[in-house]
Amino acid sequence: MNEHLLGLEYCSKEEIESMLKAGFSFKEVLSRPIPKVPTLRGKTVVNLFFENSTRTRISFELAQKRLSADTVNFSASGSSVSKGESLRDTIRNIEAMKIDMVVVRHQSPGVPYFLTQCTDSIIINAGDGLHEHPTQGLLDIMTLQEKLGTVKDLKVVIVGDILHSRVARSNIYGLQKLGAKVALCGPPTLIPVQAEQWGVEIFYNIEDAIRWGEVLNVLRLQLERQHSGLFPTRREYAHRFGVTLEKLRQVDKEITIMHPGPINRGLELEHDLADSEFSVILDQVTNGVALRMAVLYLKSGVSTTEQAISQKK
Ligand code: NCD
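Residues numbered from 1 in each chain as written. Predicted model: local features only at pLDDT ≥ 70, side-chain atom pairs only at ≥ 80, totals over all residues. Heavy atoms only, no water.

Draft legend 1. Geometry of the pairing of strand S8 (residues 215-218). Burial along S8 is two-sided: the face carrying Val215 and Asn217 and the face carrying Leu216 and Val218 are both buried. Bridge count for strand S5 (residues 155-159) against S8 is four bridges, and the pairing is parallel. Looking at the pairing, Val156 lines up with Val215 of S8. (Buried < 20%, exposed > 50% of the residue type's maximum accessible area, 1.4 Å probe, protein only. Helix = DSSP H or I, 4+ residues; strand = E, 2+ residues; numbered from the N terminus. Pairing = 2+ DSSP bridges.)

Written out as structure tokens, the structure reads:
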């Protein structure tokens, strides 16, 4: 298994499968009265977050604590980055304090790869600009496997702001490698031109997408990344592309609703639908911790899964 996790584009089907399998083993650990194993005892992990985050950051930190790693949190605001320090200097100074792994989120695509070129630590991508968010892609697949058994031949529609979404890219690579059929749905202005080469169906009408799909992975409209009018008004977007119970009721089948969070309730997803029986949104969050434990463990290079999930010291 290649030692960093930069994106699902660079992972084989077998690597993805082994991370998912380990994710389910760690989920069992999390259901124990003491949800903690000594797997990464003595290892030091730095969480290097240059961009805002709630779920991903807390999820990685909890995963590290559940594995008994020592963790250090860095956020760009309040650090020497605001005094003009370069990224290379920041990481080399942190590494000089003897660390083993770095979990990085950054607004620029390619930063995790850049870090692999200037340090010896293992780098895990927690979201780099519009590029990839591999652990989100993996936890989404894990949640689908848990609910539906397999993703092979499953029809998954990714809805909304594909243009600005690293979650969409990681989902497409991961799902396609495991044999799922993927479609995109949104206004043409939010679907990148190169999407036609991704081997996906494209729908510009949400009703058609709902008729085709079994799963809707609804994305947040990333308003902070949009600098020009890519859709007329929020109201019109909600009307045309917002996923609502009424639109789901037009088809006579069970649909699973996912969302990576944070949700703009009432915009891309109807308020009550997010909490309905269709939704697996909180399962995604729960599975995120187990899946990130799996990734940290497998990338750290320590021993076998049986040892990893055993409580013996
Ligand atoms: C996503 C992200 O930051 O890429 N959120 C997440 O990690 N759960 C998606 C988003 O911000 O909309």
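From this point, the narrative continues.
Draft legend 2. Broad picture of the packing of helix H5 (residues 134-148) against helix H10 (residues 281-300). Across the interface, H5 lies against H10 with an axial gap of 8 Å and an inter-helix angle of 115°. Crossing handedness for the pair H5 and H10: right-handed. Counting all contacts with H5, which are made through Thr135, Gln136, Leu138, Leu139, Asp140, Met142, Thr143 and Glu146, the residues of H10 involved are Asp283, Gln284, Asn287, Gly288, Ala290, Leu291, Arg292 and Val295. A class-by-class count of the residues in the contact of H5 with H10 yields six nonpolar, six polar and four charged. (Axes fitted to C-alpha atoms, helices over the stretch in contact; angles between N-to-C directions. Left-handed = near helix turned anticlockwise from the far one by under 90°. Contact = heavy atoms within 4.5 Å. Nonpolar A, V, L, I, M, F, W, Y, C, P; charged D, E, K, R; others polar.)

Draft legend 3. Summary view of the environment of Ser79. Structurally, Ser79 can be placed in the loop between strand S2 (70-75) and helix H3 (87-95). Residue classification places Ser79 among the buried positions, given a relative accessible area of 12%. With 11 residues separating them in the primary sequence, Ser79 and Thr90 have C-alpha atoms 9.3 Å apart.

Draft legend 4. View of the site of the ligand. Neighbouring the ligand are the residues Arg55, Thr56, Arg105, His133, Gln136, Arg166, Val167, Arg220, Gln222, Pro260, Gly261 and Pro262. Here an oxygen atom of the ligand sits 2.7 Å away from a polar atom, N or O, in the side chain of Arg166. Across the complex, the protein chains shield 94% of the 310 Å² of accessible surface that the ligand would expose by itself. For the shell around the ligand, the secondary-structure elements that each account for two or more residues are helix H2 (55-66) and helix H6 (166-177). Grouping the amino acids of the shell around the ligand by side-chain chemistry returns three nonpolar, five polar and four charged. Here the shell around the ligand spans two domains, and each of domain 1 (8-132 + 285-310) and domain 2 (134-281) adds at least three residues to it. (Near = heavy atom within 4 Å. Polar contact = N/O pair within 3.5 Å; in protein donor to acceptor, adjacent residues only side chain to side chain. Areas by Shrake-Rupley, 256 points an atom, 1.4 Å probe, with all protein chains shown as cover. Domains from an automatic or database assignment.)

Draft legend 5. Geometry of the sheet that holds S5. The five strands are arranged S7-S6-S5-S8-S9 in an open sheet whose pairing can be described as parallel. The open sheet is flanked by strand S7 (201-203) and strand S9 (256-258), the only strands paired with a single partner. Each neighbouring strand pair of the sheet contributes to a mean axis angle of 25°, computed without reference to strand direction.

Draft legend 6. Looking closely at the pairing of strand S3 (residues 101-106). Taken across its six residues, S3 has six buried, putting it largely inside the fold. Burial along S3 is two-sided: the residues Met101, Val103 and Arg105 and Val102, Val104 and His106 are all buried. Bridging between strand S1 (residues 44-49) and S3 involves five bridges; their strand directions are parallel. Each residue of the ladder has a partner; that of Leu48, found in S3, is Val104. For the segment spanning S3, helix H4 (residues 111-118) and strand S4 (residues 122-128), crossover handedness is right-handed. (Right-handed = clockwise from strand over helix to strand, strands pointing away.)

Draft legend 7. Region of interest: the domain arrangement of the protein. Entries for the protein in the domain assignment read domain 1 (8-132 + 285-310) and domain 2 (134-281). A straight line from the C-alpha centre of domain 1 to that of domain 2 covers 26 Å. Listed per partner, the contact involves 31 residues of domain 1 and 26 residues of domain 2. Both sides of the domain 1 and domain 2 interface together cover about 2500 Å² of buried area, and 63% of this is carbon and sulfur. The largest per-residue losses of area from domain 1 upon contact with domain 2 belong to Leu8, Leu20 and Leu130, which jointly make up 25% of the total buried on that side. Seen at the junction of domain 1 and domain 2, the total is two salt bridges. Taken together, the residues of the side of domain 1 that touches domain 2 break down into 13 nonpolar, eight polar and 10 charged. (Buried area = accessible area lost by both parts, 1.4 Å probe. Salt bridge = Lys/Arg side-chain N within 4 Å of Asp/Glu carboxyl O.)

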